[in-house]
Amino acid sequence: MTEESADRADAMFHALADRTRRDILRRVLAGEHSVSVLAAKYDMSFAAVQKHVAVLEKAGLLTKRRSGREQLASGDVEAVRSVASMLAELEQVWRGRVARIDALIAFDTQED
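What this report covers is the structure whose coordinates are included nearby. (Residues numbered from 1 in each chain as written. Predicted model: local features only at pLDDT ≥ 70, side-chain atom pairs only at ≥ 80, totals over all residues. Heavy atoms only, no water.)

1. Observations regarding the side chain of Ser34
Thinking step 1. When you line up the elements, Ser34 lands in strand β1 (residues 33-34).
Thinking step 2. Using a relative accessible area of 6% as the deciding quantity, one classes Ser34 as buried.
Thinking step 3. Within the structure, Ser34 has its side chain in polar contact with the side chain of Ser36 (distance 3.2 Å).
Thinking step 4. If near-sequence neighbours (up to four positions away) are discounted, Ser34 is found in contact with Glu70, Gln71 and Leu72. (Helix = DSSP H or I, 4+ residues; strand = E, 2+ residues; numbered from the N terminus. Buried < 20%, exposed > 50% of the residue type's maximum accessible area, 1.4 Å probe, protein only. Polar contact = N/O pair within 3.5 Å; in protein donor to acceptor, adjacent residues only side chain to side chain. Contact = heavy atoms within 4.5 Å.)

Here is the structure:
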């Protein structure tokens with residue numbers, strides 16, 4: 001993994017670590033939403049929602065475009081797939097480790 005891809009992974013997982021950002025991402029993956037419509041869904045200031053959207057955008061999980069006076073946000077399905085792929089790789093590493101531990105325990109039990 002290159003430094004750049006490691007930084008991107010860090011940004012993605014940081015963005016996904018927050019419940020509100022995960023909810024925003026879920027909404028924009030279902031369809032394009034204006035930031036003001038998104039902000040109305042949460043019990044926080046518009047500026048706070050803007051900051052959450054900015055974190056998701058910086059991580060590459062959503063994109064924004066302007067339409068008149070509105071900023072429209074939409075989710076990036078490919079970016080979410082890349083997160084899923086990273087998690088699948090980590091799962092395989094841990095499954096391998098657990099399998100080796102199981103084998104050691106089974107071997108140790110056979111010796112007794």
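Still more to cover.
2. Observations concerning the packing of helix α1 (residues 3-16) against helix α5 (residues 77-111)
Thinking step 1. Interhelical geometry of α1 versus α5 gives an angle of 100° and a closest axis separation of 11 Å. Judged by the angle between their axes, α1 and α5 are roughly perpendicular. Contact residues: Arg8, Ala9, Met12, Phe13 and Leu16 in α1; Ala79, Ser82, Val83, Met86 and Leu87 in α5.
Thinking step 2. Here the contact of α1 with α5 is composed, by residue class, of 8 nonpolar, 1 polar and 1 charged. (Axes fitted to C-alpha atoms, helices over the stretch in contact; angles between N-to-C directions. Parallel < 35°, antiparallel > 145°, perpendicular 65-115°, else oblique. Nonpolar A, V, L, I, M, F, W, Y, C, P; charged D, E, K, R; others polar.)

3. Some thoughts on the nonpolar core
Thinking step 1. Counting residues in each nonpolar core, the largest one holds 21 residues, and the members touching the most others are Ile24 and Leu61.
Thinking step 2. For this core, the elements supplying multiple residues, two or more each, are α1, α2 (19-30), α3 (35-40), α4 (46-58) and α5. (Core = buried A, V, L, I, M, F, W, Y, C linked by side-chain atoms within 4.5 Å.)

4. Quick look at a nonpolar patch on the surface
Thinking step 1. Residues Phe13, Leu87, Leu90, Val93 and Trp94 make up a contiguous nonpolar surface patch of about 470 Å² in total accessible area.
Thinking step 2. By relative accessible area, Leu90 is classed as partly exposed at 46%. (Patch = residues over 30% accessible without salt bridge, like charges linked within 9 Å, V, L, I, M, F, W, Y side chains within 5 Å. Areas by Shrake-Rupley, 256 points an atom, 1.4 Å probe, with all protein chains shown as cover. Salt bridge = Lys/Arg side-chain N within 4 Å of Asp/Glu carboxyl O.)

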